[in-house]
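Listed below, chain by chain, are the residues.
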Amino acid sequence: MHCFYFDAGRCRSCTHMGTPYDQQLASKQMHCQTLLAGHASLEWLPPLAGQEYGFRNKAKMVIGGTSQRPTIGILDAEGFGVDLRKCGVCSPGLRACFPVLADFIRHTRLTPYDVPRRTGELKHLIITESPDGDIMLRLVLRSEQLVPRIRKNLPGLLAALPQVKVVSVNLHPEHKAVLEGEREILLTDQSTLKMRVNDVNLHLRPQSFFQTNSEMAAALYRQGREWVNELAPASVWDLYCGVGGFALHCADPSRDVTGIETSSEAIVSAKISSAESGLQRMDFRAGDATAFALAADKSPELVIVNPPRRGIGKELCGWLESSDVEHVVYSSCNAQSLARDLAVLPSFTARRARVLDMFPQTKHYEAMVLLSRAS
């Protein structure tokens, strides 16, 4: 894949842009295998390739320029907007929305936030597309000042983009390098975006996390379900469960499944999905994964972990070591922290591993490892 923005030096976010895709995938496989080289018994499954372009279901776009000439993309080194509305890694559905959203910014006179001067209101657009083509739109503002104007003009936007089902305003008053604030104002009757993944309908609320590549997310959950069903545990914990992707894929009438996630919004989403599917023996709770494990009276037979880039850490690894857990499915977006965690789990043997290219055109990827307690 080649990108005009990359070639022109306007955006270098996709650091592997222009590298033949087979080389990208081979490099990621080698990187992961090198990090886990100490696990001699590990069986490597073939890596799963992703779509080279148009794969991102979510775009976090900085708004720059002026209300009459807005840019939708990123900021340059001086803090000024660089327009990337034709970004090739974004899905066609997302790209189709950007010109209409630019018109909405102009018509509604939404003043972009000027980072160097710390003036203006509209900071970001966060837009997510479901596998069925429906859209969730979040406008990140510095204050509530423009909310009445957005409400007034929202019917026109929804008429122009009928695929938009959920719209909210996120309030981010601070001048700091984080994407969004804590408070969300819902502007539509519909509050969740249905993400149909394999045979499971996941519900995504505005502040819930979901993988940015729907095709690879589906493959990730299928692989997890395959390993879990092969082992047939009677009890499973899905720690860092998000909106319940792994947990809901592993649901079974013969199995107790518990999902733990710090985001209360994500837990609400998981509960909606579980109830809608009529699933039994499912339990979702908001809380810290490590604290939950340390306070539990008993251990499950299998634990799924899908932590942020920092990994699960020594404390949770220590609990796993001392527990009765027989198997662990570890899904990681950072193979370095994965390798670090596995090094302090000597009671477990790494049996299988797989690289899934969740993030083509970059150095990042997802890695899954199946661990079993050494006999």
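Residues numbered from 1 in each chain as written. Predicted model: local features only at pLDDT ≥ 70, side-chain atom pairs only at ≥ 80, totals over all residues. Heavy atoms only, no water.

Within the protein chain one finds 10 helices and 17 strands. Expected size for 375 residues packed as a compact globule is a radius of gyration near 21 Å; at 22 Å, the protein chain falls within 12% of this value. Overall, the C-alpha framework of the protein chain stretches about 65 × 45 × 35 Å when taken along its three principal axes. Counting only residues that meet the buried cut, the protein chain has 55% of its 375 residues in that class. In the protein chain, the share of contacts with a sequence separation of at least 24, taken over all contacts with a separation of at least 6, comes to 67%. (Helix = DSSP H or I, 4+ residues; strand = E, 2+ residues; numbered from the N terminus. Rg over C-alpha atoms; globule rule 2.2 N^0.38 Å. Buried < 20%, exposed > 50% of the residue type's maximum accessible area, 1.4 Å probe, protein only. Contact = heavy atoms within 4.5 Å.)

Located in the positive-phi region is alanine 232, a residue other than glycine, with phi close to 50°. Within the secondary structure, alanine 232 sits in the loop between helix H5 (214–231) and strand S11 (235–239).

This part is about empty space enclosed by the protein. Per the stated rule, a full pass over the model turns up two cavities of 30 Å³ or more. One number sums up the size of the largest cavity: a volume of about 60 Å³. Contributing to the lining of the largest cavity are Asn57, Lys58, Ile126, Thr128, Met136, Arg138, Leu204, Arg205, Pro206, Ser208 and Phe210. Elements represented by at least two residues in the lining of the largest cavity include exactly strand S5 (122–129) and strand S6 (135–141). Residues that form the lining of the largest cavity fall into these classes: five nonpolar, three polar and three charged. Volume-wise, the second largest cavity comes out at about 30 Å³. What lines the second largest cavity is simply Leu101, Phe104, Ile105, Leu110, Leu122, Leu125, Leu137 and Leu139. Among the elements of the structure, helix H3 (92–108), S5 and S6 are those that each provide at least two residues to the lining of the second largest cavity. (1 Å grid on protein atoms, 1.4 Å probe; cavity = no way out; pocket = protein on both sides within 12 Å on 5 of 7 lines; lining within 4 Å. Points joined across faces, edges and corners; volume = space filled by probe spheres on them. Nonpolar A, V, L, I, M, F, W, Y, C, P; charged D, E, K, R; others polar.)

Once that is clear, we can look at the nonpolar core. One finds Leu101, Ile127, Leu137, Leu139 and Val169 to be the most contacted residues of the largest nonpolar core, which totals 43 residues. If you list the elements that add at least two residues to this core, you get helix H1 (4–7), strand S2 (58–65), H3, S5, S6, helix H4 (147–160) and strand S7 (164–171). With seven residues, the single largest contributor to this core is H3. If we ignore the near neighbours within four places in the chain, the residues touching valine 169 are Leu139, Leu141, Val147, Ile150, Arg183, Glu184, Ile185 and Leu187. Counting residues in hydrophobic clusters, the runner-up holds 39 residues, among them Leu45, Leu204, Ala266 and Ile267. (Core = buried A, V, L, I, M, F, W, Y, C linked by side-chain atoms within 4.5 Å.)

The next subject is the state of the cysteines. A full pass over the atoms with the stated rule returns zero disulfides. Residue cysteine 97 stays outside any disulfide, its sulfur separated by 11 Å from that of cysteine 90, the closest cysteine. The buried category is assigned to cysteine 97, whose relative accessible area is 0%. (Disulfide = S-S within 2.5 Å.)

Here the focus is the sheet that holds strand S13 (residues 282–286). Read from one edge of the open sheet, eight strands run S1-S16-S17-S15-S14-S11-S12-S13, paired in mixed fashion. Only two strands of the sheet have a single neighbouring strand rather than two, namely strand S1 (43–44) and S13. (Pairing = 2+ DSSP bridges.)

This part is about the UniProt feature "active site" (unreviewed entry) in the protein chain. As annotated in UniProt, the feature "active site" (unreviewed entry) corresponds to Cys333 in the numbering used here. On the secondary structure map, cysteine 333 appears in the loop between strand S15 (327–332) and helix H10 (335–343). Since its relative accessible area comes to 18%, cysteine 333 is described here as buried. Sequence-distant contacts of cysteine 333, defined by excluding residues within four places in its chain, comprise Pro307, Pro308, Arg309, Tyr365 and Glu366. (UniProt positions renumbered as here; feature names shortened; annotations may be inferred.)

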